[in-house]
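Notes for the structure review
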Amino acid sequence: MKSYSRTSRRLPAMPRSVVLVWLLFSFLFAAVLSSTAYFTYQKEKSTVQTLVKETAHSYESLIRYLLSDLERILVQLHEDYPLQSEPDIESLEALLRHRVSTNPFIMDLLLMDAQGRLVAWSGGDTKPDVTEHSYFQHHFLHSNSKRFVSPPELSIVHDGKWFFSLSLAQRNDRGELAGVSTALIDIAALIQLFEGVEESPTLSVALIHQEGKLLLRLPRFSDYQTGDTLPARKGVERPLLNVTVLEMTSALDGLKRMFVLRPLIEYDLLVVSSADMHATLGVWKLSSKSLLLIWLLVSGAGFMVAMLYARQKEQFTDQLRQLTQSLPGFVYQLEQSGPDQFVYRYASEGVSEMFGVSKQAVEADAQLLLNMIHPDDYPRVLAESAECTASMTPWHSEFRMSLPDGRVIWLEARDQPRRLANGHLIWTGYANDITERKELEETLHHMALHDPLTELPNRAFFFRLAEQALAIAQRNGKQLALMFVDLDNFKPINDQFGHGVGDRLLQQVAKRMELSLRASDLIGRIGGDEFVVLLPEVESRVVAYSVAEKLRMELFRPYEIDGRQHQISVSIGIAVYPMDAEQLQSLVKRADQAMYLAKQRGRNCSQLATDSVLPLKEAEKTG
């Protein structure tokens, strides 16, 4: 049997100074990479939070618009058929049935007297007993109640379908209850609407009553259904009165999520948007793994270099070259001896692959790389570098580089400044190509602001731009026009030919609108078949009406889809600033009312906001 003495080959002992240098290098490099991972995480987290916030805001606006439209219908019923008088029941019920047939979200409309007896409803001849339902009992028991939104309930009349209700109390001059008008809202139809505007597979959206009852959640989840009571969560007290951002484990699917909760205070509802933190932070996870691998490679290779240095100092340069060739990007050491006097003391081989210039050329002339910094980013990079130099703190920046072949790439660079004994400055760091990450961030940002079907601005983004346009018009004393464009009878096309044909029709409508209007005009899609147009500068209402008519006739031309021609008309409502309203919210209401008036006139027409429409501008001045 062979034996080995204790004097067999041993690793060469490294000088203490070499060990300290290696440990210091590993620690500093770990600190740089750790800060990189931290800042990447914070940036990705911020991107996710922005996306979730804008999604919650979009769905809140959608629900608020739907409920305010239903409330407008109930208020109109109060005004046209006061229960203190004796309304014509036959004509009243005909009107209720018409309202239900033209609004897919209304399950039933009911008018009750002060004792809860049905005066009129949109259903059949047999009137059910509704006195025990919350939408009557709430107003009966609370003398100061005006509006009430109920938790979800099962309908007996409609074969066990889920609904929630919006009810308004009608009171006499003494404040006594005279009756209640109620709209029963079909939750299944609301789910279909949410599914039609769902923005990203990584997001979920829920609508919850402030009492804790779940109305709907997308994507649907088997453990919790409509009507279930959600468990109370620490830090979330109901009713919620303010927009709240939380990170916690979801009660629905058990995943760690970022939540944005937006209350609709006047309607006792809560819109909750969330994103799976594990799924949405994929970029950060990939970056962290890469940075960990880089650190392991660099630390391990650094240890090997230190060992070889102890044995043969002159081999250090060759070993470092082999190390940096395996890294993404390149490692560098840049020395500054005076104003605009730079020289690369070291640049790894990665500089050639990234910029198309050799390592030797860069080390001979530092301006080869410095002059590639994009002219729009150069002043910022210079200022950031000067600030870090003054405080001798680590420098980190992201900027563009214009390459000799005409390409523009994004670069992320990090380094640590140090002053030498001779007064010169030297920066040691690394730079990496992050073009793909920037393109992904841009894609996510675009998805959050645009309708995925038509690529037009979505509701939130459109009205943000509209606010800016209105401020410019106010500052410059100009007029602008807002148009609500609603497709007439679009639902039958979806029902007869399928949603695929309907989607392509919407895309062609959007494209035709873009071709028909000026480049400076703003177009958005804010609903299934509803578009909005903003004309930043118009000379008069006549000009605005002329543009609307030209657009209406252009959209009335036939569309060809799969070899079949389809024709659809539009109804357009027009409101002009400042004649019709001076605030955006009022201008929106005027244009919306004008569009509904165009519908009532028979559709396929344009309608200016007129005195017959609710005088919102006067309301602004007085209230």
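Everything that follows concerns the structure shown earlier in this document.
Reading the values: rules and limits
- Residues numbered from 1 in each chain as written.
- Predicted model: local features only at pLDDT ≥ 70, side-chain atom pairs only at ≥ 80, totals over all residues.
- Heavy atoms only, no water.
- Helix = DSSP H or I, 4+ residues; strand = E, 2+ residues; numbered from the N terminus.
- Buried < 20%, exposed > 50% of the residue type's maximum accessible area, 1.4 Å probe, protein only.
- Contact = heavy atoms within 4.5 Å.
- Areas by Shrake-Rupley, 256 points an atom, 1.4 Å probe, with all protein chains shown as cover.
- Pairing = 2+ DSSP bridges.
- Salt bridge = Lys/Arg side-chain N within 4 Å of Asp/Glu carboxyl O.
- Axes fitted to C-alpha atoms, helices over the stretch in contact; angles between N-to-C directions.

1. Quick word on the overall build of the chain
Scanning the chain for helices and strands turns up 18 helices and 23 strands. By residue count, 48% of the 623 residues in the chain fall in the buried class. The long-range fraction of contacts in the chain, counting pairs at least 24 apart against all pairs at least 6 apart in sequence, stands at 59%. For the chain, the accessible area works out to roughly 32100 Å², and carbon and sulfur atoms hold 54% of it.

2. Regarding the pairing of strand 17 (residues 480-487)
Burial analysis of strand 17 places eight of its eight residues in the buried class, the great majority of the element. Going residue by residue along strand 17, you find Leu480, Leu482, Phe484 and Asp486 tucked away on one face and Ala481, Met483, Val485 and Leu487 tucked away on the opposite face as well. Alignment of strand 17 against strand 19 (residues 530-535), held across six bridges, turns out to be antiparallel. Opposite Met483, over in strand 19, you have Val533 as the bridge partner.

3. Overview of the pattern of salt bridges
Should their charged atoms come close, side chains of opposite charge can pair. What the rule picks out here adds up to 25 salt bridges. In this structure, Glu412 engages Arg414 in a salt bridge whose closest nitrogen and oxygen atoms are separated by 3.9 Å. For Arg414, a relative accessible area of 6% gives the class buried. Salt bridges sharing common partners tie together Glu60, Arg64, Arg262 and Glu266.

4. Considerations on the sheet that holds strand 22 (residues 570-577)
Taken together, five strands build an open sheet; the order of strands is 18-19-17-22-23 and the sheet is mixed. Bordering the open sheet on either side are strand 18 (522-525) and strand 23 (606-608), each of which pairs with just one other strand. Shown here is a sheet whose adjacent strand axes are inclined to one another by a mean of 20°, direction ignored. Seen against the sheet, helix 16 (residues 541-556) touches strand 17, strand 19, strand 22 and strand 23 and runs at an angle of roughly 160° to strand 22. In this fold helix 17 (residues 584-600) packs onto strand 17, strand 19, strand 22 and strand 23, with an angle of close to 145° to the strand it touches most, strand 22.

Keep in mind these numbers describe shape, not what the thing actually does.
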